[in-house]
Amino acid sequence: MKEYDVTALGELLIDFTENGKSGQGNPLFEANPGGAPCNVLAMLAGLGHKTAFIGKVGRDFFGEMLKGAIREVGIDARYLRMDDQVHTTLALVHNDESGDRDFSFYRDPGADMMLGEEEVPKELLRSTRLFHFGTLSMTHEGVRRATKKAVETAKEAGALISFDPNLRPPLWKDLEEAREQVLYGLAHCHILKISDNEIQWLTGLEDYDAGAAWIRERFSIPLILLSMGKDGSRAYYQGRMVEAAPYLRNDTVETTGAGDTFCGSVLHYVLERGLENLTDGELAEMLDFANCAASIVTTRKGALRVMPSGEEVERERAARRV
């Protein structure tokens, strides 16, 4: 028996999200705790899983705020490092009229980039059932080495590996380097969560099924999850494709964290059920729960502190069936 259900490594940062205008007409921004790996862990912790995070923040106001936030939602923060020299990474999230997001990062450098290979806790990775990571911890050489050491340590210890590219083009020197690191993730994961625009960018194919086939031809990934926003989601498993409809809402505030909520929900199902011999019905159940959870978080500012509970998701699903 392993002590932790899920450990993740990556960025923990402040998402400044727009929240109205001042009396002078200037935009107001709310400082929300964020970062994709910790958003995923927050959803899992809320569903009853024991989670831990590996990463780095600055020893500053925002770093202390983030450390308190992950503890508050039940994530083990003992492996969060604090940098005395480099400030916590900040991201400004802008939403256009259609709800699409644009990110501006203050990260040159940011503390999350400063995690070193020697700071990766091997004992933690050997005691986790599943390890999750993305590519923001692979944009620069030092933290990239730390990420790959964590992947290799967890995999050698028999952990399932989950990967979400979570591509943010402004953070890369060039997209060819980003592609190289995404391909590394595909070569080492058992579970891939990828978005519609990411699969098109990676494969050069407009058709999602063709893109998934392109990935399957090159990598032995047992479960591929495709999130398609307002078009729902798909699971590709053992040569089969299962699709689930979205939960469309009129009360969406912003979409930050929706993909992470979806990912955490899927990992919850895998931890409960396993990856072996999943039926189409089980895959559909998994996707429906994840789609519903993702829709709920879009009605709230931020993500990490406001993940939906399992009870909320089941109530929403039951209401749809009526």
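Data block above holds the structure.
Residues numbered from 1 in each chain as written. Predicted model: local features only at pLDDT ≥ 70, side-chain atom pairs only at ≥ 80, totals over all residues. Heavy atoms only, no water.

Caption draft 1: Summary view of the overall build of the protein. Scanning the protein from N- to C-terminus turns up 10 helices and 14 strands. Summarising its shape, the C-alpha atoms of the protein cover approximately 50 × 50 × 40 Å along the three principal directions. Per-residue burial over the protein gives 59% buried out of 322 residues. In the protein, the proportion of contacts linking residues at least 24 apart, taken out of those at least 6 apart, comes to 71%. Accessible area for the protein stands at about 13700 Å²; split by element, carbon and sulfur atoms hold 47% of it. Seen as two clouds, the 37 positive and the 51 negative side-chain charges of the protein have centres 4 Å apart. (Helix = DSSP H or I, 4+ residues; strand = E, 2+ residues; numbered from the N terminus. Buried < 20%, exposed > 50% of the residue type's maximum accessible area, 1.4 Å probe, protein only. Contact = heavy atoms within 4.5 Å. Areas by Shrake-Rupley, 256 points an atom, 1.4 Å probe, with all protein chains shown as cover. Lys, Arg positive; Asp, Glu negative; His and termini not counted. Charge placed at Lys NZ, Arg CZ, Asp CG, Glu CD.)

Caption draft 2: Molecular detail of unusual backbone geometry. Look at the link from Asp 108 to Pro 109: it is a cis peptide, with omega at 0 degrees. Looking at the secondary structure, you find Pro 109 in the loop between strand E8 (101-106) and helix H3 (122-125). For Asn 166, which is not a glycine, the phi torsion comes out positive at approximately 45 degrees. One can find Asn 166 in the loop between strand E10 (160-164) and helix H5 (175-188). On the basis of relative accessible area, Asn 166 is assigned to the buried category, the value being 11%. Residue Gln 238 is not a glycine yet carries a positive backbone phi of 50 degrees. Residue placement: Gln 238 occurs in the loop between strand E13 (233-237) and strand E14 (240-244).

Caption draft 3: Region of the structure containing the pairing of strand E3 (residues 27-34). Sheet analysis places strand E2 (residues 13-21) next to E3, joined by seven bridges and oriented antiparallel. By the bridge assignment, Ile 14 is partnered in E3 with Pro 33. In sequence, E2 turns back onto E3 through a hairpin of five residues, with Gly 25 there showing a positive phi of about 90 degrees. (Pairing = 2+ DSSP bridges.)

Caption draft 4: The arrangement of the packing of helix H8 (residues 258-273) against helix H9 (residues 280-297) in detail. At a minimum axis distance of 8 Å, the contact between H8 and H9 shows a crossing angle of 145 degrees. Once H8 is placed against H9, the crossing between them reads as right-handed. Facing H8, whose interface residues are Ala 258, Thr 261, Phe 262, Ser 265, Val 266, Tyr 269 and Arg 273, H9 presents Glu 282, Glu 285, Met 286, Leu 287, Phe 289, Ala 290, Asn 291, Ala 293, Ala 294 and Val 297. Class assignment of the residues belonging to the contact of H8 with H9 gives a composition of 11 nonpolar, three polar and three charged. (Axes fitted to C-alpha atoms, helices over the stretch in contact; angles between N-to-C directions. Left-handed = near helix turned anticlockwise from the far one by under 90°. Nonpolar A, V, L, I, M, F, W, Y, C, P; charged D, E, K, R; others polar.)

Caption draft 5: Just the pairing of strand E11 (residues 191-195), in detail. In terms of residue burial, E11 counts as a mostly covered element, since five of its five residues are buried. Alternating positions in E11 separate into two faces, Ile 191, Lys 193 and Ser 195 on one and Leu 192 and Ile 194 on the other, with burial throughout. In terms of strand pairing, E10 meets E11 through two bridges, oriented parallel. Counted as the bridge partner of Ser 162 is Ile 191 from E11.

Caption draft 6: Just helix H4 (residues 141-156), in detail. With 16 residues, H4 extends 22 Å from end C-alpha to end C-alpha; this agrees with the ideal 22 Å at 1.5 Å per step. Restricting attention to buried positions, one finds in H4 the residues Val 143, Arg 144, Ala 146, Thr 147, Lys 149, Ala 150, Val 151, Thr 153 and Ala 154. (Expected span 1.5 Å × (residues − 1).)

Caption draft 7: Up close: the packing of aromatic side chains. The full count for this structure, using the stated rule, is five aromatic pairs. On the numbers, 5.8 Å between centres and 15 degrees between planes, the contact of Phe 103 with Phe 105 is stacked. Owing to a relative accessible area of 15%, Phe 103 belongs among the buried residues under this scheme. Look at Phe 133 and Phe 163: their rings are 4.8 Å apart centre to centre, the planes differ by 35 degrees, and that puts the pair in the tilted class. Within this pair, whereas Phe 133 is found in strand E9 (residues 128-134), its partner Phe 163 is found in strand E10, the two being separated by 30 residues in sequence. Here the aromatic residues Phe 16, Phe 61 and Phe 62 are joined through ring pairs into a cluster of three or more. (Phe/Tyr/Trp six-rings, centres within 6.5 Å; stacked < 30°, edge-to-face > 60°.)

Caption draft 8: Geometry of the nonpolar core. The biggest cluster of nonpolar side chains holds 58 residues, and the ones touching the most others in it are Leu 12, Ile 70, Leu 223, Leu 225 and Met 286. Apart from residues no more than four positions distant in its own chain, Ile 70 is found in contact with Leu 12, Cys 38, Phe 53, Ile 75, Ala 77, Leu 80 and Leu 304. One finds Leu 9, Leu 124, Ile 199 and Ile 221 within the second-largest nonpolar core, a separate group that totals 41 residues. (Core = buried A, V, L, I, M, F, W, Y, C linked by side-chain atoms within 4.5 Å.)

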